[in-house]
Amino acid sequence: MSTEQLPVLLVLAPLMAGFAAYLLPARFIKVLVTAAFVSVVIVLVPLYEYLTIAGPLRTSLGGWGVPLGIDLYMDGTGFVMLSMTTVLLAAICIYSHSYFGNGPRATRFWPMLLLTWASLNNLFITGDIFNMYVTLELLGLLSVGLIALAGTPAAYAASLRYLLAALCGSLFYLLGVAMVYANSGNLDWVELRLYLEGGPSAAIALGLITAGLMLKAAVFPLHFWLPPAHANAPAPVSALLSALMIKASFYIAMRMWLWVFPGSINTDLAAPFLGVLGAAAIIYGSVQALRQRRLKLLIAYSTVAQLGYLFVFFALSVEPGSATPALQAVVMFAISHAFAKAALFMCSGAIIHAYGHDWIDSLHGCAERLPAVTFAFAIAGVSIMGLPPSGGFIGKYMLILTAAEQGKWFWAAVLALGGILAAAYVFRVLNIALCTGKSVAVGQSVPAGLIWPAWALAVVAMLLGLLASGPLEIVAIGAPELDLFRTMPVDSP
Amino acid sequence: MTLHQALPILILCTSLLPAIWIFFLKESQSLLRTSLNLGGAFLKLGLVLLMFREVSLGYTVAFEYSLMPNLSLKLHADPLSMLLVSLSSVLWLLTTLYAIGYLKESPNRNRFFGFFSLCVSSTIGIAMAGNLITLLIFYELLTLTTYPLVIHRGNNKSIEAGRIYLAYTMLGGAVLLVGVIWLQAIAGGVDFTATGYLSAMSEDNHPQLRVIFALLIIGFGVKAALVPLHGWLPLAMVAPAPVSALLHAVAVVKAGAFGIVRVVYDVFGIEFCNQLGLLEYLAVAASITIIYGSVRALYQDDLKRRLAFSTVSQVSYIALGSAILGPMATIGGITHLVHQGIMKITLFFCAGNFAETLGVHKVSEMDGVGRRMPLTMAAFTIAALGMIGVPPIAGFFSKWYLGLGAVDSGHFWVVGVLVISSMLNGAYFLPIVFRGWFVTREVDWPHARTLSKRFETAPLLLLPPLVTAAICVLVGVFAGAPWSPLYWARLIMLGEM
């Protein structure tokens, strides 16, 4: 098998494991999951070497090639997203093993988790925007199932609400894709910019696609479904949803805005509009997080706020020459957020395990009772606040620097303000956790499997700041240069 | 990696690694915890001495690590950083001893000593930072690591103080971040250079540079407690005594003042600041803070609060020194960086001793403490006289050079500020000294405890203030010696002018 064909394995391994987990008895799950991880890691290593030496990698499935068949395409951004997914899922799997044990929910959880993984990997290597739609739909349905695993009425209601939002979002996206196909006769996102003709049809397509994705990514004001869904799901699922699922929709939006449409549409007005929504999300999400009484809801609203940063990125990426630095910044931000946010949800799961609830005002003495969990929460919180030396800091620093270099002071101020608000809600929890005042009732002790994965992810989010240059260099492989695209004739080939 | 590259990292690690280790200890392993603390502190002192020697011999001691293109973490040892590094490693050792005595048998000591060491690591990082971004990183880390210390007692009062501390420092940090990034966007990431690196920038950039200067000074001014950014400092007094001592002498407040010195001398360059017309504003802000802090201190009955307002006032001497163009003022300001630290830490150690041994928290309760605790009161008196500016104690030299600098540069009003401030210093310190020594005690101590059979209080609480009081006198008497802060300040001045 040549290196070009390896990416297929990234999808096949978890997919096969997922089907096998469904069919085989529960005792095989450990082996299956381990096997899937081993194969994915074994594939990622040569792919990394290929990327750094030869650049982006394209695979034609079945030898058909563009525009007839489906191509796989992997550049630096895709690779970083894949690696992030692998590390996160490894931690989530260890955590879930402790969380679900061998109970009846486990047998339903593992196949869905593995299929989610396969879908995510597929998304990050596909070169086809219709294939992206299929992935998006799969992820949506799997999320509904995963949320419902909690088994509470609130979780059922939240998962149904999410189902409606997800279907609606995918529908918009599909309409947009159809219009793109009608316009250009092509679905390959890498090459679409060469075929796409400007004008109203492209603009409407971009509008539909973006609206659909914003609904799925829960960008303010389309965030209504996120807090109940993320807060009522089981802890490992919350981690998965907040860290990865949201990023999937954002990832597609990024591809559209930076790769597909810049050649044909002038986004000088539309991009700042997305940025404004992002800024509103930062403020609104943070204020809501400050007002929540339950820990998981606070963390969920924090996701709404952090997504705002990801959308402010669009406002910073339109100036000539700014696409690559902005892309590096936002990917750094997105992966740091993923690690930190998953760690926070894992901590909340451990706290619920010990206390039996997650009412913030009743978490007095948490630092004494669960020192390791509180510490992990604090370290992950530092990354969420964007303070040094975390990955979140590097991401925020680069975003503000990009804004400053373009003289866009409004955005710089919003990004800085967002950090302060994040500090306010993270410390709101830590303040109470560090309070001694009340006597601490002894409850259930927390198994190590619910603590160490959270620790590991929090530390990774922190170390990302010190080891940022590696991921940043990879992201630059195959990164777009908008100004190049702009000068290219729209109807070239 | 050569020794000269490794030294800054090693010095950082002597407190960083023990801190991490301590977090993983059991609460009962107090012997190992103490050994880790003291071992790290002594090792750090040794390495600092080695670095001192290497820098004196003219070697460049620097470590650089690239975080990403145009952004590097740089630690170096120039004379200015040597000053703060030496100060913090000496005072860390003494404060650790003090804290071990102070926190005997109290809960959560792992957490305390872990963050205590992290806090010192951050301060050392600030001292050795070779560019603004490194300074910013350690400055923010300092906020994060001091917060658990401020709220260590865990009661509502300390949590509330911690909240206000965070509100101020986080806002300051955000302002600083914007300033640093803005500067990076127009000037690139440049290392600190004596005489600054911005003077070559074109005229068009000057308005922007003025705004950036303001942002940076506000950012650092929060921790330096420049009025009106000082509100957190008196509240942070709820922290345990060793923390207050460290906060006021070397860590937080000093970090802010040090940042201002760096910005004025090594980023903008003092000549260039003067050219931009920024120094006047800084001088006025510093003078207002000096007078305001002293006046407020007069009215505090709580001893620690009085000391806190005294810090507000005294730390601004450093800013004042960097706001007056001329060699003498520079020497005065930079010397005060060290002198204020030694004097203030002595005062806080003594205040802690009074509170721990006799339950005395208020100035009005201090009648006759000098007879009950003569050694502590003697240390307190020396430091207080130094603060007022009585020769030959440390504080005199700072004020003397500041005054000379003000006269040299024609800022006669600054001399007035110094005189008024010294009078106010006398007005709020001398009554304490008088009560302590000359007023006879008529009522019982509020909460007396016997901490030692032979000494007036526990030996570990007594030794540190005696040592620092002795240093206050020694650096004054031997102000001309090549190891004295004054000598180094002169050396720094020669580089900056």
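The model shown is predicted, which means the values in this text are computed figures rather than measured ones.

Cut-offs applied
- Residues numbered from 1 in each chain as written.
- Chains lettered and ligands numbered in written order.
- Predicted model: local features only at pLDDT ≥ 70, side-chain atom pairs only at ≥ 80, totals over all residues.
- Helix = DSSP H or I, 4+ residues; strand = E, 2+ residues; numbered from the N terminus.
- Buried ≥ 20, exposed ≤ 12 C-beta atoms within 10 Å, placed from the backbone.
- Contact = placed C-beta atoms within 7 Å.
- Rg over C-alpha atoms; globule rule 2.2 N^0.38 Å.
- Axes fitted to C-alpha atoms, helices over the stretch in contact; angles between N-to-C directions.
- Parallel < 35°, antiparallel > 145°, perpendicular 65-115°, else oblique.
- Left-handed = near helix turned anticlockwise from the far one by under 90°.
- Nonpolar A, V, L, I, M, F, W, Y, C, P; charged D, E, K, R; others polar.
- Core = buried A, V, L, I, M, F, W, Y, C linked by C-beta atoms within 7 Å.
- pLDDT = per-residue confidence, 0-100.

A word on the overall build of chain B
Argument step 1. If you tally the helices and strands in chain B, you get 20 helices and 2 strands.
Argument step 2. Projected onto its principal axes, the C-alpha positions of chain B cover 70 × 55 × 45 Å.
Argument step 3. Here chain B, with 497 residues, has 61% of them falling under the buried criterion.
Argument step 4. Pairs at least 24 residues apart make up 80% of the contacts formed inside chain B by residues separated by at least 6 positions.

Points about the overall build of chain A
Argument step 1. When you go through chain A residue by residue, the secondary structure sums to 20 helices and 2 strands.
Argument step 2. In terms of C-alpha radius of gyration, chain A reaches 22 Å, essentially the compact-globule figure of 23 Å for 493 residues.
Argument step 3. With the C-alpha coordinates of chain A rotated into their principal frame, the extents come out at 75 × 55 × 40 Å.

Quick word on the packing of helix H13 (residues 303-322) of chain B against helix H14 (residues 327-358) of chain B
Residues and elements named next belong to chain B.
Argument step 1. Two elements in contact, H13 and H14, have axes separated by 7 Å at closest approach and are oriented at 170°. With respect to their mutual orientation, H13 and H14 come out roughly antiparallel. Where H13 crosses over H14, the handedness of that crossing is left-handed. Only Ala 329, Thr 330, Gly 332, Gly 333, Ile 334, His 336, Leu 337, Gln 340, Lys 344, Leu 347, Phe 348 and Ala 351 of H14 make contact with H13, whose side of the interface consists of Leu 303, Lys 304, Leu 307, Thr 311, Gln 314, Val 315, Tyr 317, Ile 318, Leu 320, Gly 321 and Ser 322.
Argument step 2. Of the residues contributing to the contact of H13 with H14, the split by class is 12 nonpolar, 9 polar and 2 charged.

Examining the interface of chain A and chain B
Argument step 1. Counting residues at the interface gives 25 residues for chain A, matched by 25 residues for chain B.
Argument step 2. Listed by contribution, the elements that provide at least two residues to the side of chain A that touches chain B are helix H16 (391-405), helix H17 (409-434) and helix H19 (469-476) of chain A.
Argument step 3. Looking at the side of chain A that touches chain B element by element, the count peaks at 8 residues for H17(A).
Argument step 4. A class-by-class count of the residues in the side of chain A that touches chain B yields 19 nonpolar, 5 polar and 1 charged.

Overview of the nonpolar core
Generally speaking, nonpolar side chains in soluble globular proteins are found buried as a group.
Residue and element names in this part refer to chain A.
Argument step 1. Judged by nonpolar contacts, the single largest core of 404 residues is most densely connected at Ala 342 and Ala 343.
Argument step 2. Looking at which element gives the most residues to this core, the answer is helix H13 (residues 323-355), with 22 residues.
Argument step 3. Setting aside chain neighbours within four positions, we find Ala 343 in contact with Ala 376, Ala 380, Ala 454, Leu 457, Ala 458 and Ala 461.

Points about the confidence of the model for chain A
Argument step 1. Of the residues in chain A, 94% have a pLDDT of 70 or more, and the chain-wide mean is 90.
Argument step 2. Counting interchain partners and residues more than four positions distant, the pLDDT-below-50 stretch residues 482-493 of chain A has 18 contacts.

A look at the environment of B:Arg262
All names here are of chain B.
Argument step 1. Turning to its location among the elements, Arg 262 is positioned in helix H10 (residues 252-268).
Argument step 2. Overall, the presence of 22 C-beta atoms within 10 Å leaves Arg 262 in the buried class.
Argument step 3. Taking the C-alpha atoms as reference, Arg 262 lies 9.1 Å from Gly 196; in sequence the two are 66 residues apart.
Argument step 4. Dropping the residues within four chain positions of it, Arg 262 is found in contact with Leu 135, Phe 192 and Val 267.

Digging into unusual backbone geometry
Argument step 1. For the bond from A:Phe220 to A:Pro221, the omega torsion is 0°, close enough to zero to count as cis.
Argument step 2. Take A:Pro221: it is sitting in the loop between helix H8 (200-217) and helix H9 (226-232).
Argument step 3. Put simply, B:Val227 and B:Pro228 share a cis peptide bond, and its omega is 5°.
Argument step 4. With phi around 60°, A:Ala218 is a residue other than glycine that occupies positive phi space.
Argument step 5. Residue placement: A:Ala218 occurs in the loop between H8 and H9.
Argument step 6. Although it is not a glycine, B:Asn108 sits at a positive phi angle of roughly 55°.
Argument step 7. Its location among the elements puts B:Asn108 in the loop between helix H3 (79-102) and helix H4 (109-128).

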